[in-house]
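Residue-level listing of the chains:
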Amino acid sequence: MYAIVEMAGQQFKVAKDQKVYVHRLQTEEGKKVTFDKVFLLDDGSNVTIGAPVIEGAAVEAKVVKHLKGDKVIVFKKKRRKGYRVKNGHRQHLTEIVVEGIVAKGAKKAAPAKAKAEKPAAEPKKAAPAKAKAEAPKKAAPKKAAEDLSGKTVAELKEMAKAKGIAGISAMKKADLIEALNK
């Protein structure tokens, strides 16, 4: 049985008891972590493809250790200019071991945290919402001007002709928008 799952922003094909090196996770060593963005499950006879993810599926893993990857040398040079720059980079990685793949009945942990944070943020937004409610009334004519600025000169001339505005053939786009907003 294997699964294709998203871990730390990358997709991996994982199986039970497999070691995987992913970008650094904020989980302590020895702790278990669950990845619920499972895109494909294959149990030998059945292949399940998510749209985009499989609901209720998850991959359970244990963080073994945090480490750095191999050094990568970045060398830049421009010939005949005397320009040479040498830099090195070591990626921070986390080694995890896949302990199991759950096909059904897994709970999503990440959305629960997001829901817990949203109610705390809403009372803070409640007070400024009253002040913002008055601002759109004043900004409503400006929005109409912004909508007209997206139109072509020909469209603006047709709108002005329909309103009965005189002298539109000599007007520029800004003059047409100003005349239509009056």
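## Quick look at helix α3 (residues 173-181)
Restricting attention to buried positions, one finds in α3 the residues Leu 176, Ile 177, Ala 179 and Leu 180. All buried residues of α3 fall inside an arc of 165° around its axis, so they share one side.

## Observations concerning the pattern of salt bridges
One pass over the structure, following the stated rule, counts 4 salt bridges. For Lys 16, the salt bridge identified is with Asp 17, shortest N-O distance 3.8 Å. We note that Lys 16, like Asp 17, is exposed.

## Re the sheet that holds strand β4 (residues 32-35)
Taken in spatial order, the 4 strands make up an open sheet running β3-β8-β7-β4, and their pairing is antiparallel. Either end of the sheet is taken by a strand with one partner, and the two such strands are β3 (19-23) and β4. Within this sheet the neighbouring strands show an average axis-to-axis angle of 50°, counted without direction. Relative to strand β7 (residues 58-78), β4 runs antiparallel, the two being bridged by 4 bridges. Bridging from a neighbouring strand, Thr 34 pairs with Glu 60 of β7.

## A word on the pairing of strand β1 (residues 2-7)
Here β1 shows one buried face, formed by Ala 3, Val 5 and Met 7, and one open face, formed by Tyr 2, Ile 4 and Glu 6. As paired strands, β1 and strand β2 (residues 10-15) are joined by 6 bridges and run antiparallel to one another. Of the residues in β2, the one forming a bridge with Ala 3 is Val 14. Sheet analysis places β1 next to strand β5 (residues 38-42), joined by 4 bridges and oriented antiparallel. Residue pairing in the sheet places Ile 4 in a bridge with Leu 40 of β5.

## A look at the side chain of Thr 94
Mapped onto the fold, Thr 94 is located in strand β8 (residues 83-102). For Thr 94, the side chain forms a polar contact with the side chain of His 66, separated by 3.0 Å. Each residue touching Thr 94, except ones within four places of it in the same chain, is listed here: Val 20, Tyr 21, Val 22, His 23, Arg 24, Leu 25, Val 63, Lys 65 and His 66.

## What about the packing of helix α2 (residues 153-163) against α3?
Put simply, α2 and α3 touch, their axes get as near as 10 Å, and they point 35° apart. Here α2 and α3 pass one another in a crossing that is left-handed. Across the interface between the two elements, Val 153, Leu 156, Lys 157, Met 159, Ala 160 and Lys 163 from α2 touch Lys 173, Leu 176, Ile 177 and Leu 180 from α3. Each residue belonging to the contact of α2 with α3 can be placed in one class, and the counts come to 7 nonpolar, no polar and 3 charged.

## Here we look at the sheet that holds β2
The antiparallel open sheet is built from 4 strands, whose spatial order is β2-β1-β5-β6. Where the open sheet ends on each side, the last strands, each with one partner, are β2 and β6 (47-49). Between one strand axis and the next, the sheet turns through 20° on average, direction left out of account. Sheet analysis places β5 next to β6, joined by 3 bridges and oriented antiparallel. Of the residues in β6, the one forming a bridge with Asp 42 is Val 47.

## As for the confidence of the model for the protein
Averaged over every residue, the pLDDT of the protein is 83; the share at 70 or more is 78%. The low-confidence segment residues 112-116 (pLDDT under 50) makes 0 contacts with residues lying over four places distant or belonging to another chain.

Rules and cut-offs
- Residues numbered from 1 in each chain as written.
- Predicted model: local features only at pLDDT ≥ 70, side-chain atom pairs only at ≥ 80, totals over all residues.
- Heavy atoms only, no water.
- Buried < 20%, exposed > 50% of the residue type's maximum accessible area, 1.4 Å probe, protein only.
- Helix = DSSP H or I, 4+ residues; strand = E, 2+ residues; numbered from the N terminus.
- Arc of directions from axis to C-beta.
- Salt bridge = Lys/Arg side-chain N within 4 Å of Asp/Glu carboxyl O.
- Pairing = 2+ DSSP bridges.
- Axes fitted to C-alpha atoms, helices over the stretch in contact; angles between N-to-C directions.
- Polar contact = N/O pair within 3.5 Å; in protein donor to acceptor, adjacent residues only side chain to side chain.
- Contact = heavy atoms within 4.5 Å.
- Left-handed = near helix turned anticlockwise from the far one by under 90°.
- Nonpolar A, V, L, I, M, F, W, Y, C, P; charged D, E, K, R; others polar.
- pLDDT = per-residue confidence, 0-100.

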